[in-house]
Amino acid sequence: MSRPPSFTLCVSEDTERNGEEPSPDNEGALHTSFHQLIQEQSSLVEAALELEMQARGREHLARLVLPDACATAWPEPGQGEQHPGYSTTLRILASMPSRTIGRNRGAIISQYYNRTARLRRRSSRPPLQQLCRAARPSLRQYDLETDPARATLEDKRSLLVKELLSLSPSQRSHMLLTVPLSLVEKCTLRQELSGQRGPLWQCAQRQAPSSPCGWSKDYIVLGCRGLWYRLLSLLPAMQPWHYALKQISGRFGSSVLCYFTFLKTLLMFNIISLLILLVFVVALQAAYPPASASHQPFTGLELLTGAGYFTHSLLYYGYYSNTTLNDPCASSPNGSTCPLADPLLPYNMPLAYVFSVGVSFLITCILLVYSMSRSFGESYRVGSSTGDVAVKVFCAWDFKVIQRRSVKLQCENICTQLKELLAEQRSRSRSLSLCQRLGRTAVMLLAWALSLSTVLGCVLAVYYFSEHMYAVQRDHQVRGSGEQQQEAILLVLPLVVSLLNALMPHLYNMLAMWEKQDSPVAVVYVAICRNLILKMVVLSLLCYQWLSRRVICSTECWETCVGQDLYRFVVMDFIFSLLDTLFGELVWRLILEKRLKRKQRPEFDIARNVLELIYGQTLTWLGVLFAPLLPAVQTLKLVLLFYIKKTSLMQNCQSPSKPWQASHMSTVFITLLCFPSFLGAAIFLSYTIWSVRPSETCGPFQGLETIYKSGKTWVQVLEKSNPNITWFAWVHQHLVENTFLLFFVSGVLLAAIYFNIQVVRGQRRIIRLLKEQIANEGEDKIFLIQKLHSVYEQRERRA
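Because the structure is predicted, anything quoted here is derived from the model rather than measured.

(A) Layout of the overall build of the protein chain. Each helix and strand counted, the protein chain has 27 helices and 2 strands in total. In the protein chain, which comprises 799 residues, the share counted as buried stands at 38%. By element, 62% of the accessible surface of the protein chain is carried by carbon and sulfur atoms, the whole surface being about 46100 Å².

(B) A positive patch on the surface, seen in detail. Taken together, the side chains of R761, R764, R765 and R768 present a region of like positive charge at the surface. Its location among the elements puts R765 in helix α27 (residues 739-798).

(C) Structural detail: the state of the cysteines. Inspection of every chain in the model, using the stated rule, returns 1 disulfide. Across a sulfur-sulfur distance of 2.3 Å, C557 and C698 are joined as a disulfide pair. Between C557 and C698, the disulfide has an S-S torsion of 100° and is therefore right-handed. Taken together, the residues span a long stretch of sequence, with C557 in the loop between α20 (520-548) and α21 (558-595) and C698 in the loop between α24 (665-691) and α25 (709-721) at a distance of 141 residues. Taken as a pair, C557 and C698 share a single burial class, namely buried. C415 supplies the cysteine sulfur nearest to C411, a cysteine that is in no disulfide, at a spacing of 6.5 Å.

(D) Geometry of unusual backbone geometry. One non-glycine residue, K597, lies in positive phi territory at about 55°. By the secondary structure assignment, K597 is in the loop between α21 and α22 (606-622).

(E) Representation of the packing of aromatic side chains within the structure. Per the stated rule, a full pass over the model turns up 24 aromatic pairs. Both rings, one in Y463 and one in Y464, keep their centres 5.4 Å apart while their planes meet at 75°; by these two values the pair is edge-to-face. A relative accessible area of 30% places Y463 in the partly exposed class. Among the aromatic side chains, those forming a connected cluster through ring pairs are W241, Y259, F260, F604, F642 and Y643. R530 extends its terminal NZ or CZ atom over the ring of W448, reaching a point 4.7 Å from the ring centre. The cationic tip of K535 hangs over the ring face of Y615; the distance from NZ or CZ to the ring centre is 4.9 Å.

(F) Local environment of the packing of α20 against α21. Contact geometry for α20 and α21: axes closest at 10 Å, N-to-C directions at 155°. As judged from the angle between their axes, α20 and α21 are roughly antiparallel. Here α20 and α21 pass one another in a crossing that is right-handed. When α20 is examined against α21, the residues L542, W546 and L547 are found in contact with a partner set consisting of W558, V562, D565, L566 and F569. Residues that form the contact of α20 with α21 fall into these classes: 7 nonpolar, no polar and 1 charged.

The rules behind the values
Residues numbered from 1 in each chain as written. Predicted model: local features only at pLDDT ≥ 70, side-chain atom pairs only at ≥ 80, totals over all residues. Heavy atoms only, no water. Helix = DSSP H or I, 4+ residues; strand = E, 2+ residues; numbered from the N terminus. Buried < 20%, exposed > 50% of the residue type's maximum accessible area, 1.4 Å probe, protein only. Areas by Shrake-Rupley, 256 points an atom, 1.4 Å probe, with all protein chains shown as cover. Patch = residues over 30% accessible without salt bridge, like charges linked within 9 Å, V, L, I, M, F, W, Y side chains within 5 Å. Salt bridge = Lys/Arg side-chain N within 4 Å of Asp/Glu carboxyl O. Lys, Arg positive; Asp, Glu negative; His and termini not counted. Charge placed at Lys NZ, Arg CZ, Asp CG, Glu CD. Disulfide = S-S within 2.5 Å. Phe/Tyr/Trp six-rings, centres within 6.5 Å; stacked < 30°, edge-to-face > 60°. Lys NZ or Arg CZ within 6 Å of the ring centre and 35° of its normal. Axes fitted to C-alpha atoms, helices over the stretch in contact; angles between N-to-C directions. Parallel < 35°, antiparallel > 145°, perpendicular 65-115°, else oblique. Left-handed = near helix turned anticlockwise from the far one by under 90°. Contact = heavy atoms within 4.5 Å. Nonpolar A, V, L, I, M, F, W, Y, C, P; charged D, E, K, R; others polar.

Below is the structure:
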């Protein structure tokens, strides 16, 4: 009995190693794959030439064989007529997919045929006796030629379809997704697979007749799966301000979009802090109000000053008690009527207060580090093609978009991104002479000297003005002036500080116009640095005065006074943001259009608006300990700011005159929020908790040396009440009280961030080298194609 003919499609193992595609960094695999391409196409060209020569009736076919001497030395192709292999060479070049360097369509199908065959052999299959006759192997499946090198593309495709039919549906779908072919060829394969049914499926259909229960089960599974996919598709639309952010990105670009995404991030931080403080501190204190709480009449001025009616409320530190809630002994007027039964759920308010503030800061720190690392990874993504114009032109369109409004929005978004990419490439191509560089450096040094001198002048002005206002406030307290007059005086210092913060950025913009920076990114970064230095130095001065002059206050509780100051600064910052939006955007647009008759609108100042957000968030973090409900005020402020800024942006502003791609801007914003802002607020609160003595007559820590002593006192009481948990006191003494642990954790965190930055820099360098290698591979292909031309010309001359 004759053996059945065997058919195997051999693909080199270098092109597939552990089921992975050859990557551009594997130079040996690339050269091997390209060598296989040359060999395969050369054999096909030789066969075509032999047929052509036979049709023409030429003789001496042996001369077509290339001598060994000619194979070692390939001269350059001439400029004569096109030879018969010219079109074949063009077909070779056109049939190479970009994802598979050096493999043609037939090689891809052959490789995936071998992969499906191996996968089918590894999968568990039933014995041959249990299969029906149609499912058993037959010689009819092996009707291809014995030589795999001469198998046509249609034969390879039909063989791949047969092998795919023998796989399970999940394996078949995964194989079709991973095969590097065009969409048209994938659709053709899917149609052939849907038109045919494997023998296993047909045998299973005959052996298992359909039943109503089976059909209903299938319909239920399909319906649940479709519902789940629709819910997943609705998740992006359920995000807050999803369509608004897309609209801003499409019309104004990624630079303006960074401001609104940063505002959204700050809103998330404040909501998390508010929920923690609201659940563990504010709600429980509202359920058990202190007995000495007395409210003043509400006049409306409290919304600006934060004093009056709000002084003895849940908004400030002084309202919270230092007792154990739900404790009858602590809440009774006299201790003699204390019941014998223990409370069901005692709640220590001082511990809850300090731990809630600490946990909110810890969670915020974790979220900040995570957001910074994620933003850093997205901005400096290894192998990212965000800066590739060709990818943006040919691969940016989303074919799933069908609504007219979404299509228009996507068109605007792609056009804006293309403008940003082209402007960035144009700015990189500019070069300056040595004299121009020296002149620009001198102008920048002079501008920085002026900006730093203005910062120093503003700090001195705030210092002397605050001294004067403290003296005026003490004088009014001695005279016994009216309460409303004293509250109005409290607004003067926040008014002056907010006025300086609103006017100085315009002076810095004039300095930037004098500097004449070519790069819009450099202009934004310089403006951010100057405004940040001003705001952080002024805040440092205010923090020093709050801690050193805490006795000079309108109330007995200096913590409440600091909380009121921070509330006034937050409210005044919001008011000046509204005034700047009104006069800097709306009124200025009307002046340009109505009076000056210009078809021009003001641009959105990214640096100033972002620094306002960072400044307001710093005030909120500084005031969490003194005003637990200050995150609620900041949350309301951010929500209103989003809608006001978005409306003013759409109606009054124009897109940037110099489009630029803000690929790293979000990372810079998060970094500035983390290190100068959050780190400064954490240092201020840590010093207050560890070193500053709290008030004697108000607040949850009255009568203690420091706020930190409350935790130590609670540990001592817990150790005396239950000697079995002495280990907890040891942990508190050696881990919490020991400052070495804090410095060690901070050092490890900084080291991890540093190593992450270095790793990403190394990966970016490798990616740059690999891109250069890909460019060299392209030159190698041109060289090899020229050599093929020379081979064809030599064969023509010899024929």
